[in-house]
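Coordinate analysis (summary)
Letter by letter, the chains look like this.
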Amino acid sequence: MPCDGLEVPGVAPRVCEPGGGGLILPLLGETELKWEKPLRAGLYLAGLLWCFMGVAIIADVFMAAIEKITSKKVLAFDKALGKRRTVTVWNPTVANLTLMALGSSAPEILLNIVGIFPTFQSGALGPGTIVGSAAFNLLCISAVCVVAVPNGEVRKINDLGVYSITATFSIFAYLWLLVILVGTTPDVVETWEGVVTFLFFWVFVLVAFFADKGWLPGTAKGVSPLTVQPESSHEEIAEMELQVRQKYGQQRNLKPEQVSLLIAYAFPAPHSRATHRVNATRSLVGGRILLGGGPTRHDQGRQLARELEEEMREQTSKLNAIATGDAPMVQFQALNYSVLESVGQIKVKVKCYGNIHKPVEVKYATRDGSAKAEDDYEPTAGTLRFDSQHTVQDITVKIKESPGTEDTEEFYVDLLNGPLGKMRTVTIVIIDEDQPGKFKFEKEVQEFEGKDHDEEVQIKVFREGGSSGQVSCKYTTEDGSAKEGADYEPASGTLVFENGQQSAQFSITIKANSRFEGTEMFRVMLTDAEGGAGFDNTTDGGSDSCILTVVILADESRKAGIEKLAGLMRVNMDNVSMGNASYKEQLHSALFAGGSWADQREASWFEMAAHIIALPWKLLFALVPPTEYAGGWLCFSCALLMIGVVTVIIGDMAELLGCVLKISDETTAISLVAMGTSLPDTFASKTAAQMDPTADNSIGNITGSNSVNVFLGLGLPWMIAAIFWQFAATCEPGDSWSLAYPEQALEYPEGIFVVKAGSLALSVMVFCFCGGVCIATLALRRKLFGGELGGPRLSKIGTAIFFVLLWATYIVISIILED
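The following paragraphs examine the structure supplied in this document. Computed from a predicted model, the values in this text were never measured in an experiment. (Residues numbered from 1 in each chain as written. Predicted model: local features only at pLDDT ≥ 70, side-chain atom pairs only at ≥ 80, totals over all residues. Heavy atoms only, no water.)

Looking now at the sheet that holds strand 13 (residues 445–449). Strand order across the open sheet formed by five strands is 13-20-18-15-16, with mixed pairing between neighbours. The open sheet has two edge strands with one neighbour each: strand 13 and strand 16 (492–497). Across the sheet, the mean angle from the axis of one strand to that of its neighbour is 25°, orientation sign disregarded. As judged from the seven bridges shared by strand 15 (residues 471–479) and strand 18 (residues 520–530), these two strands associate in the antiparallel manner. Bridged to Lys-474 within strand 18 is Thr-527. (Pairing = 2+ DSSP bridges. Helix = DSSP H or I, 4+ residues; strand = E, 2+ residues; numbered from the N terminus. Axes fitted to C-alpha atoms, helices over the stretch in contact; angles between N-to-C directions.)

Right, here's the structure in full:
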């Protein structure tokens, strides 16, 4: 194959010059190139920003498809339990480092893949965008996340095993670029180098998977932190209540609503990476936001915690002042104690402050509150004696376990006479732990034969391991191969079990048309257990839920003929009808700011302006097939194609802007394009840092994405191009390839894939240094402050400024070395 038609560096015109052009732009050709440069620069900048908005919107449609794909569930055999149970197909770490990483970095990755066509040369913007995006992600997004955490709070990486792997690979990936571009074959990527780079992607995913499973040394996972979940067990809720009362309730008897707010603040449930990404983009373009939208219970809990901490500081200050006085004074050391019902006994501390010249005696006695003597605790009374050698004494009270489920109760201990201070009564809160039982279905798989008429079937739920108190759980149906509305009527509701009640049931209607299809299935799920009940972790669904698989058998008299027809069509028409309904919903949502007419009426001017600007993109991308089609894969494919098209426009627009402003393609790539494609991730990570209890979704995912960008974003296109040049291209002296790369033509006369190290190698070296410093700083913050993010206010600001300065240093040095 001849090697003509290539641009010769230094000879071929740039994209904004007469005779130049990109894959699509400029739209008006030579006529557009004659316009005044300031006008063109303004139009190209506005167009580039608008395209960044567009690619962010379609990337989030892409993320929705990925969420659908990776949430797929199947029945698999569990060796430990010796039976089948419902599991997700995708391991969370594998999903994060493959499809999720592709979704968040799709523009950068596709810019490289599209950039090698049609000449199979490295694109002008692609490699620089990968490195520039990595620098912006690691340095600037980390800076935003560090400072976004509220003052005094910290967020730390929970899964250190996976993070250590992704952090190591995030630096190794860029060092590997130096090896192949500067070391082994300078300025050339041979086939083996492209293949190995791409294979590193799979090695990276496999090693991270092993770390997630705890199969590598030092990656065994500890106890997962408590978080508020709809299915949190009674034991977990009791433990959370105990912790917040012990931390915040020493000086005040907390009310149930205050305890609830403090639990929401101290044990927040994390959101998925896709949720944060989609929410960030929608908030920028006036879409329907998923998180936030006013003060949350987490925010209210944070404010309450700060008020209580201030009260405790003031009380401590008063006690210190009392301790320096001369006259002895006796009082409790804390106003409130909280214990679990099973604790057995509690010791309440009483202290004598001041100078004790002679023994001091005070009497004490317990007193009923909502907790009653003999039923909930053993009453006690007595005398405490203090002298100069014994300034602190204990009052021991035995706690009794009561049958049945009870509300949180309290009783009091009073100091009755003597030189008493203001803290002469202590409140003891008893948190109930009685077992209200666990929910389970009668069977884990139930089969029903399809009929020629609608049939109502009964689903039984049992309560085992306890029946104390009133408890409840929610039930809902979930599609498998059977689809709601077509194969069965969707059902949802709440089952309430009274004290002592051990079973309940509800009905589901199986539709008549199911008899014309092959065997299909759907799920019935029990969730949101309340009243302290939970789920049996030995049944399908584990401790988080309980799952019943309902199998609809085909009518045997017509099964053979229908299954043959279904085999020919390979389409479940129920999916099609559901998809058609979703089409209408997403088109309607695209028309309004906030996703609906009601939300649009409440939208701010900024949200309305952002919605109007983004409206053409929203309407265009609303045509992407909904995720109901083909399990999300059709949406995935169409969204990926659209991202590719918009990425081509971004590439052309960025080159035009850089050319008009007389900025090199390399500088444009590491700055403008890298920042524009990373902006949605910045807001997503900021929200994750503020709302999640750990730093995994904010910092942990950055290192993973940076690794994937090299191994997949550069490895795949470079492998394709290297194979083409080695096996398909045949160059000859004097053709355009030989003129473009005279040095390489001497060693590889038939052609080779050339990637000039030049400024790219220098940029990579600077990034590796700055990136290593950033990761080391995060590790140091974990040691000093207990977490990578947050901490004292001055330390947060200082770290953020330091990271931004590192990024600015990377940009400046890269530009200087390029010149």
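Time to look at the pattern of salt bridges. Tallied over the full model, the rule gives twelve salt bridges. Here Lys-349 and Asp-394 are joined by a salt bridge, their closest N and O atoms 3.2 Å apart. Of this pair, Lys-349 sits in strand 6 (residues 345–353) while Asp-394 sits in strand 9 (residues 392–398), and the two are 45 residues apart along the sequence. The exposure class of Asp-394 is partly exposed, given its relative accessible area of 32%. Glu-489 is the salt-bridge partner of Lys-511, the closest N and O atoms lying 3.1 Å from each other. Note that Lys-511 is positioned in the loop between strand 17 (503–510) and strand 18 and Glu-489 in the loop between strand 15 and strand 16, a separation of 22 residues in sequence. On the basis of relative accessibility, which here comes to 33%, the residue Glu-489 falls in the partly exposed class. A network of salt bridges, in which partner residues are shared, links Glu-153, Arg-155 and Arg-302. (Salt bridge = Lys/Arg side-chain N within 4 Å of Asp/Glu carboxyl O. Buried < 20%, exposed > 50% of the residue type's maximum accessible area, 1.4 Å probe, protein only.)

Turning our eyes to something else, we now look at a nonpolar patch on the surface. A surface patch of nonpolar side chains, amounting to about 690 Å² of accessible area, comprises Leu-23, Ile-24, Leu-27, Leu-28, Trp-35, Leu-39 and Leu-43. Within the element layout of this structure, Leu-39 appears in helix 2 (residues 37–70). For Leu-39, a relative accessible area of 46% corresponds to the partly exposed category. (Patch = residues over 30% accessible without salt bridge, like charges linked within 9 Å, V, L, I, M, F, W, Y side chains within 5 Å. Areas by Shrake-Rupley, 256 points an atom, 1.4 Å probe, with all protein chains shown as cover.)

Let's shift gears to the packing of helix 2 against helix 16 (residues 633–660). With their axes 8 Å apart at the nearest point, helix 2 and helix 16 run at an angle of 160° to one another. By the angle between their directions, the pair helix 2 and helix 16 is classed as roughly antiparallel. When the axes of helix 2 and helix 16 are compared, the crossing they make is left-handed. For the contact of helix 2 with helix 16, the per-class residue count stands at 29 nonpolar, two polar and two charged. (Parallel < 35°, antiparallel > 145°, perpendicular 65-115°, else oblique. Left-handed = near helix turned anticlockwise from the far one by under 90°. Nonpolar A, V, L, I, M, F, W, Y, C, P; charged D, E, K, R; others polar.)

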